[in-house]
Amino acid sequence: TVALNVAAKAAGKLYFGTATDNPELTNTAYVTILNNTAMFGQLTPGNSMKWDAIEPEQNVFDFTGGDQIADLAEQTGKIIRGHNLVWYSQLPSWVTDTTWTAETLTSVIQTHVTTEVSHYAGKIYAWDVINEPFNDDGTFRTDVFYDTLNSTYINIALTAARAADPDAKLYINEYNLEYTGAKIDAMVQLVTDLKASGTPIDGIGIESHYILGDVSASELQTNMEALTALGVEVAITELDVRIDLPATDADLEQQKSDYETVVGVCMAVSGCVGVTIWDYTDYYSWIPATFPGYGAACPWDENLVPKPAYDGIVLGF
Ligand code: XIL
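Predicted model, so just to flag it, every value in this text is computed and none were measured. (Residues numbered from 1 in each chain as written. Predicted model: local features only at pLDDT ≥ 70, side-chain atom pairs only at ≥ 80, totals over all residues. Heavy atoms only, no water.)

## Examining the overall build of the protein
Along its length, the protein carries 13 helices and 10 strands. Over its C-alpha atoms the protein spans a radius of gyration of 19 Å, differing by no more than 12% from the 20 Å that the globule rule assigns to 317 residues. Seen through its C-alpha atoms, the protein measures out along the principal axes to roughly 55 × 40 × 35 Å. Evaluated residue by residue, the protein yields a buried proportion of 55% over its 317 residues. Here the contacts in the protein between residues at least 6 apart in sequence split such that 78% fall between residues at least 24 apart. Carbon and sulfur atoms form 51% of the exposed surface of the protein, whose accessible area is close to 11,900 Å². Counting 14 positive and 43 negative side-chain charges, the protein places the averaged centre of each group 7 Å from the other. (Helix = DSSP H or I, 4+ residues; strand = E, 2+ residues; numbered from the N terminus. Rg over C-alpha atoms; globule rule 2.2 N^0.38 Å. Buried < 20%, exposed > 50% of the residue type's maximum accessible area, 1.4 Å probe, protein only. Contact = heavy atoms within 4.5 Å. Areas by Shrake-Rupley, 256 points an atom, 1.4 Å probe, with all protein chains shown as cover. Lys, Arg positive; Asp, Glu negative; His and termini not counted. Charge placed at Lys NZ, Arg CZ, Asp CG, Glu CD.)

Next up, the structure:
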């Protein structure tokens, strides 16, 4: 059967990739599949480039975990999506527990973004500069950044990232952009505003953490086209399809169809550059810990055996 990155490239896309995480890299059976460049042409570090990992204390930077993934990607001929620079979650307490002024928090963001992006300059295809800035109702999420700087924190981070690595694509990454409604409308407005103000923005990441059977091809395609019409690229950045356990054979067939549909929409939109799954095996999926009762979300099962979803991806390309 066809390997997934080979299938993506043959179909004219830039990559098929997966998230991975540092503790997983001691599992040799897992790493053997991960390292196969025919299978995966792109890696996203699941945790080790996040703020709490990279700058656990102010002005104290630790690139150990991120470097491990970046080195692995380089050794195996994969491109990297850097994930992520500014997000409300997985922040160290020194960021969340300090009362900042607009000036001091601007400086904190600039230092974090500039130092991390400079460290990886030349090695990153795209950065998720901003992660999950919106509530589902389309209002900006209130967090330390928004509370202190309003939405200007987005411009501050994007501008710093561009200066530190002019060759990296700069993305905003978000969930629930898979459906039409207030959240995609807000993102379209934000991209419009960023473009109008001359703020660098190159792409929007559509996370795509689906529940089985909830894929709407038409809504996903409508949203991708609304974004690409503004002159940005899009990518499926964190695809998985979670199942209310236990998963039946019928569920696995539906999951195959869901994966095929999502990949097929990326195929239908020329500005969709690639697809990333949020780890490839159910053994390391984030789903069971985050959505109790759900699981079996990935294209490989817990024993690293491909599921019907694998064939769905191939069919989608
Ligand atoms: C998840 C990781 O997979 C988990 O290991 C961690 O405990 C929490 O974060 N949206 C994102 C990702 O942008 O960073 C999240 O990753 C999943 C949801």
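## Topic: the packing of helix H6 (residues 102–119) against helix H8 (residues 152–164)
Running from N to C, H6 and H8 cross one another at 30 degrees; their axes reach a closest spacing of 8 Å. The pairing of H6 with H8 is recorded here as roughly parallel in orientation. Where H6 crosses over H8, the handedness of that crossing is right-handed. Contacts between H6 and H8 involve Thr106, Ile109, Gln110, Val113, Thr114, Val117 and Ser118 from the former and Tyr153, Ile156, Ala157, Ala160, Ala161 and Ala164 from the latter. (Axes fitted to C-alpha atoms, helices over the stretch in contact; angles between N-to-C directions. Parallel < 35°, antiparallel > 145°, perpendicular 65-115°, else oblique. Left-handed = near helix turned anticlockwise from the far one by under 90°.)

## Some thoughts on the nonpolar core
Formed by 92 residues in total, the largest nonpolar core has its most connected members in Val86, Ile109, Trp127, Phe145 and Ile204. Counting residues per element, this core draws most heavily on H8, at 8 residues. If we skip the residues at most four places from it in the chain, Ile204 touches Tyr171, Ile172, Leu177, Met187, Val191, Leu227, Val232, Glu233, Val234 and Ala235. (Core = buried A, V, L, I, M, F, W, Y, C linked by side-chain atoms within 4.5 Å.)

## Notes on the pairing of strand E1 (residues 15–20)
With 6 of its 6 residues buried, E1 lies for the most part within the structure. Burial along E1 is two-sided: Tyr15, Gly17 and Ala19 facing one way and Phe16, Thr18 and Thr20 facing the other are all buried. Across 4 bridges, the pairing between E1 and strand E9 (residues 272–277) is parallel. Counted as the bridge partner of Gly17 is Thr276 from E9. One ladder, built from 4 bridges, connects E1 with strand E2 (residues 42–45); its direction is parallel. Bridge assignment links Thr18 to a residue of E2, and that residue is Leu43. Handedness of the crossover joining E1 and E2 through helix H2 (residues 28–35) is recorded here as right-handed. (Pairing = 2+ DSSP bridges. Right-handed = clockwise from strand over helix to strand, strands pointing away.)

## A few points about the environment of Trp278
Along the polypeptide, Trp278 turns up in the loop between E9 and helix H12 (287–290). Residues Trp278 and Pro45 lie 233 residues apart in sequence; the distance between their C-alpha atoms is 9.7 Å. When near neighbours in sequence (up to four residues on either side) are disregarded, Trp278 contacts Ala19, Thr44, Gly46, His83, His209, Thr237, Glu238, Leu239, Asp240, Trp286 and Cys298.

## A few points about the state of the cysteines
Using the criterion set out here, one finds 1 disulfide in the structure. One disulfide in the model links Cys266 with Cys272; its S-S distance is 2.1 Å. An S-S torsion of about -100 degrees defines the bridge between Cys266 and Cys272 as left-handed. Overall, Cys266 belongs to the buried group, its relative accessible area being 0%. (Disulfide = S-S within 2.5 Å.)

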